[in-house]
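Chains, contacts and geometry: an overview
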Amino acid sequence: MVRMSGMRVHVVSDVHGNAAALARAGEGADALVCLGDLILFIDYDDHSQGIFPELFGQERATQFIALRTAKRFDEAREMSAALWASLDGDPRDHIERSVRRQYGEIFAAMPTPAYLTHGNVDLPRYWPEYLREGHHVLDGQSVEIGGLRFGFVGGGLRTPYRTPNEIDDEEFARKVEAVGEVDVLCCHIPPAVPELLYDVVARRFERGSEATLEAIRRTQPRYALFGHVHQPLAARTRIGRTECLNVGHFRGRGEPFVLEW
């Protein structure tokens, strides 16, 4: 917890369907900041939860997770393709129904005011249908909250996992550049610092942003906040005067990170 005086903001990331905890996340705060990944497609800890096991069952979800964890991506994609082909109708219709249900629950629970950006598993095209008054979506943009300038950069970078909202490094870098100098830099993914990227449970490095790292070195915001890595080797580090903080896996933690000044 970071404490100064006067203003209190709660920060969450990687909500992954935890609407019940999200409904309480703004209690006692002047505003909520959400760094994305609202949807739960599949849970590596609880194989019974998420869109994939709802459609195909827990046993299939366990098999799929085992293939991806072993980095057998071609086999995982072949398995997934066969399962989607086995459904009645267009697979996109099944996904859309599940996504809409989850977003309906999540945005109904989302406190206000809230400042949001997208995660790598989000489907931003659906968000406008569920946003309520007091929900502000920012991506490559900044806003003043309590006298501090907050900049937001959403989405993830390209990976073998092919999550829905991955973009090219160049596009991501343009969004970082568009944010400019801020007091608090808010991204879904971490800067490219190895200890911030390694997930000790999944036993793999996630992708971080070189553009974000360079912006931190150049502009030295007070804080750089992010999520994405659910069980990081290191949850925080300092780059110059900038405190870099993983705000935590909200689905598992159920509590927001608290920023006060």
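Values in this document were obtained by computation on a predicted structure and should not be read as measured data.

Following both chains from N to C, one finds helix 6 (residues 169–179) and helix 8 (residues 210–219) inclined at 25 degrees, their axes separated by 9 Å at the closest point. With respect to helix 8, the axis of helix 6 lies roughly parallel. Our pair here, helix 6 against helix 8, has a crossing hand that is right-handed. Contact residues: helix 6 offers F172, A173, V176 and E177, while helix 8 offers A211, T212, A215 and R218. The residue makeup of the contact of helix 6 with helix 8, split by class, is five nonpolar, one polar and two charged.

This next bit is on helix 8. Every buried residue of helix 8 is accounted for by T212, L213, A215, I216 and T219. With its buried residues spanning 160 degrees around the axis, helix 8 presents them on a single face. Residues of helix 8 that are exposed and angled more than 90 degrees away from the buried face: E210 and R217. Contacts from the buried residues of helix 8 go to helix 6, strand 9 (184–187), strand 12 (223–226), strand 13 (236–239) and strand 14 (242–246).

In the numbering adopted here, UniProt assigns the feature "domain: Calcineurin-like phosphoesterase" (unreviewed entry) to residues 7–232. From the first C-alpha to the last, residues 7–232 spans 28 Å; its make-up is 36% helix and 19% strand.

There is about 1,200 Å³ of room inside the largest pocket. Surrounding the largest pocket, 49 residues form its lining, F41, I42, R68, V121 and T163 being those nearest its centre. Residue assignment for the lining of the largest pocket shows that the elements contributing at least two residues are helix 2 (51–56), helix 3 (58–69), helix 4 (73–85), helix 5 (91–109) and strand 7 (156–157). Among the elements that take part in the lining of the largest pocket, helix 4 stands out by supplying six residues, more than any other. Partitioning the lining of the largest pocket into residue classes produces 24 nonpolar, 11 polar and 14 charged.

A few words on the packing of helix 3 against helix 4. In the contact formed by helix 3 and helix 4, the axes pass within 8 Å of each other and the chain directions differ by 155 degrees. In terms of axis orientation, helix 3 runs roughly antiparallel to helix 4. Judged by the sense of rotation from one axis to the other, the crossing of helix 3 with helix 4 is left-handed. Residue-level contacts link R60, Q63, F64, L67 and R68 of helix 3 to F73, E75, A76, M79, S80 and L83 of helix 4. Class assignment for the residues of the contact of helix 3 with helix 4 results in six nonpolar, two polar and three charged.

On inspection of all chains with the given rule, the structure shows 17 salt bridges. Between R158 and D168 there is a salt bridge, and its shortest N-O distance comes to 3.0 Å. Taken together, the positions of R158 in the loop between strand 7 and strand 8 (166–167) and D168 in the loop between strand 8 and helix 6 put the pair 10 residues apart, joining distant regions of the chain. The partly exposed category is assigned to R158, whose relative accessible area is 45%.

So, about unusual backbone geometry. Each neighbour pair has its own omega, and for T112 with P113 the value is -10 degrees, a cis peptide bond. Note that P113 resides in the loop between helix 5 and strand 3 (114–116). In this structure, K71 takes a positive phi of about 60 degrees despite not being glycine. Among the secondary structure elements, K71 is positioned in the loop between helix 3 and helix 4. Taking relative accessible area as the criterion, K71 reaches 46% and is therefore assigned partly exposed. The phi dihedral of Q220 falls on the positive side, at around 50 degrees, and the residue is not glycine.

Cut-offs applied
- Residues numbered from 1 in each chain as written.
- Predicted model: local features only at pLDDT ≥ 70, side-chain atom pairs only at ≥ 80, totals over all residues.
- Heavy atoms only, no water.
- Axes fitted to C-alpha atoms, helices over the stretch in contact; angles between N-to-C directions.
- Helix = DSSP H or I, 4+ residues; strand = E, 2+ residues; numbered from the N terminus.
- Parallel < 35°, antiparallel > 145°, perpendicular 65-115°, else oblique.
- Left-handed = near helix turned anticlockwise from the far one by under 90°.
- Contact = heavy atoms within 4.5 Å.
- Nonpolar A, V, L, I, M, F, W, Y, C, P; charged D, E, K, R; others polar.
- Buried < 20%, exposed > 50% of the residue type's maximum accessible area, 1.4 Å probe, protein only.
- Arc of directions from axis to C-beta.
- UniProt positions renumbered as here; feature names shortened; annotations may be inferred.
- 1 Å grid on protein atoms, 1.4 Å probe; cavity = no way out; pocket = protein on both sides within 12 Å on 5 of 7 lines; lining within 4 Å.
- Points joined across faces, edges and corners; volume = space filled by probe spheres on them.
- Salt bridge = Lys/Arg side-chain N within 4 Å of Asp/Glu carboxyl O.

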